[in-house]
Amino acid sequence: NPPAPAEPAQPPQPAAPAAAQAGAPTGESLGVPVYPGADYIGTFDAGRGQSYYLFGTKVPYTDIVNYYKIVLKDKGEEVFDAPGTYMFEVGKFREESMAFPPGVTVKDYTWNGSEGYLAVKGATATRYPTIIQIVPPAAGGER
């Protein structure tokens, strides 16, 4: 029997999208999609007027990489295979005015037996197998 025709690639969808977290940046405010249901961990100063935003998810690393390949329409680049780290550029890097290139970085925190990235908010600690770091493009920036 010939193999069945392949279905067109669709972004993986979370089982149940989480309600938006109060004060969490959105894909609209960042100018870059945030994986549906990812938990906002925090915003960090990257220097030179830039910030980066961390999100955690319990969805496997490869599923998140595939999601961003589809929604950004970009194959991205695997920059490390151990631990798995994938980068997608979403804007021009201007060395004279930026600390980080605008982009989405996805990292596998289960490498080498790790239980995941430990995020602590108040008295609650959560381990995330996959972390998404977003450095938004500059306002009016080109892709």
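Scroll up a little and you will see the structure.
Residues numbered from 1 in each chain as written. Predicted model: local features only at pLDDT ≥ 70, side-chain atom pairs only at ≥ 80, totals over all residues. Heavy atoms only, no water.

Asker: Quick question: what am I supposed to make of the sheet that holds strand β4 (residues 84-89) here?
Answerer: Strand pairing in a sheet relies on backbone hydrogen bonds, with the paired strands running either antiparallel or parallel. With respect to topology, 6 strands assemble into an open sheet ordered β1-β2-β8-β5-β4-β3, the strand pairing being antiparallel. Two strands lie at the open edges of the sheet, namely β1 (39-47) and β3 (77-81), each paired on one side alone. Within the sheet, the average angular offset between the axes of one strand and its neighbour, ignoring direction, is 20°. In this sheet, β4 lies alongside β3 in antiparallel orientation, the contact comprising 4 bridges. The partner of D81 across the bridge, within β4, is G84. Each of β2 (50-57), β3, β4, β5 (103-108) and β8 (130-135) touches helix α2 (residues 61-71); the most contacted strand, β4, lies at about 10° to it. (Pairing = 2+ DSSP bridges. Helix = DSSP H or I, 4+ residues; strand = E, 2+ residues; numbered from the N terminus. Axes fitted to C-alpha atoms, helices over the stretch in contact; angles between N-to-C directions. Contact = heavy atoms within 4.5 Å.)

Asker: What exactly am I supposed to notice about the nonpolar core here?
Answerer: Considering soluble globular proteins, one finds that nonpolar side chains tend to be buried as a cluster. Counting residues in each nonpolar core, the largest one holds 23 residues, and the members touching the most others are F55, Y68, V104, I132 and I134. Secondary-structure elements contributing two or more residues to this core are β2, α2, β4, β5 and β8. Other than its neighbours up to four places away in sequence, V104 contacts V32, Y68, L72, Y86, M87, F88, V90, I132, Q133 and I134. Listed in part, the 5 residues of the second largest apolar core include L54, A119, Y128 and I131. (Core = buried A, V, L, I, M, F, W, Y, C linked by side-chain atoms within 4.5 Å. Buried < 20%, exposed > 50% of the residue type's maximum accessible area, 1.4 Å probe, protein only.)

Asker: Can you walk me through a nonpolar patch on the surface in this structure?
Answerer: A contiguous nonpolar patch, built from V79, F80 and M87 and spanning about 260 Å² of accessible area, is present on the exposed surface. Structurally, the position occupied by F80 is in strand β3. (Patch = residues over 30% accessible without salt bridge, like charges linked within 9 Å, V, L, I, M, F, W, Y side chains within 5 Å. Areas by Shrake-Rupley, 256 points an atom, 1.4 Å probe, with all protein chains shown as cover. Salt bridge = Lys/Arg side-chain N within 4 Å of Asp/Glu carboxyl O.)

Asker: Just to check I follow, could you spell out α2 for this structure?
Answerer: Because each turn of an α-helix spans 3.6 residues, side chains separated by three or four positions end up pointing in the same direction. Taken together, the buried positions of α2 are Y61, I64, V65, Y67 and Y68. Mapping the buried residues of α2 onto a view down its axis gives an arc of 160°, with all of them on the same face. After α2 finishes, the residue K73 shows a positive phi value of roughly 50°. (Arc of directions from axis to C-beta.)

Asker: Any chance you could explain the pairing of β2 here in plain terms?
Answerer: The side chains of a regular strand alternate between both faces of the sheet. By the criterion of burial, β2 is predominantly enclosed, with 6 of the 8 residues buried. Relative to β2, β1 runs antiparallel, the two being bridged by 7 bridges. Considered in β2, the bridge of T43 is made with Y53. Hairpin connection, β1 to β2: the antiparallel pair is bridged by 2 residues, and R48 has positive phi, about 55°.

Asker: Sorry, what's going on with the environment of R127 here?
Answerer: Within the secondary structure, R127 sits in strand β7 (residues 124-128). C-alpha separation for the pair R127 and E115, spaced 12 residues apart in sequence, amounts to 6.7 Å. Looking at R127, its side chain comes within polar contact range of the main-chain oxygen of G116, at 2.9 Å. (Polar contact = N/O pair within 3.5 Å; in protein donor to acceptor, adjacent residues only side chain to side chain.)

Asker: Could you clarify how one ought to interpret the packing of aromatic side chains in this entry?
Answerer: Each aromatic ring pair is described using two quantities: the centre-to-centre distance and the angle formed by the ring planes. By the definition in use, this model includes 8 aromatic pairs. Here Y35 and Y67 contribute two aromatic rings whose centre-to-centre distance is 4.8 Å and whose plane-to-plane angle is 85°, an arrangement assigned as edge-to-face. Highlighted residues: Y35 in the loop between α1 (27-30) and β1 and Y67 in helix α2, separated in sequence by 32 residues. Like Y35, the residue Y67 is buried in the burial classification. Ring-pair connections join several aromatic residues into one group, and the members of that group are Y35, Y67, Y68, Y86 and F88. (Phe/Tyr/Trp six-rings, centres within 6.5 Å; stacked < 30°, edge-to-face > 60°.)

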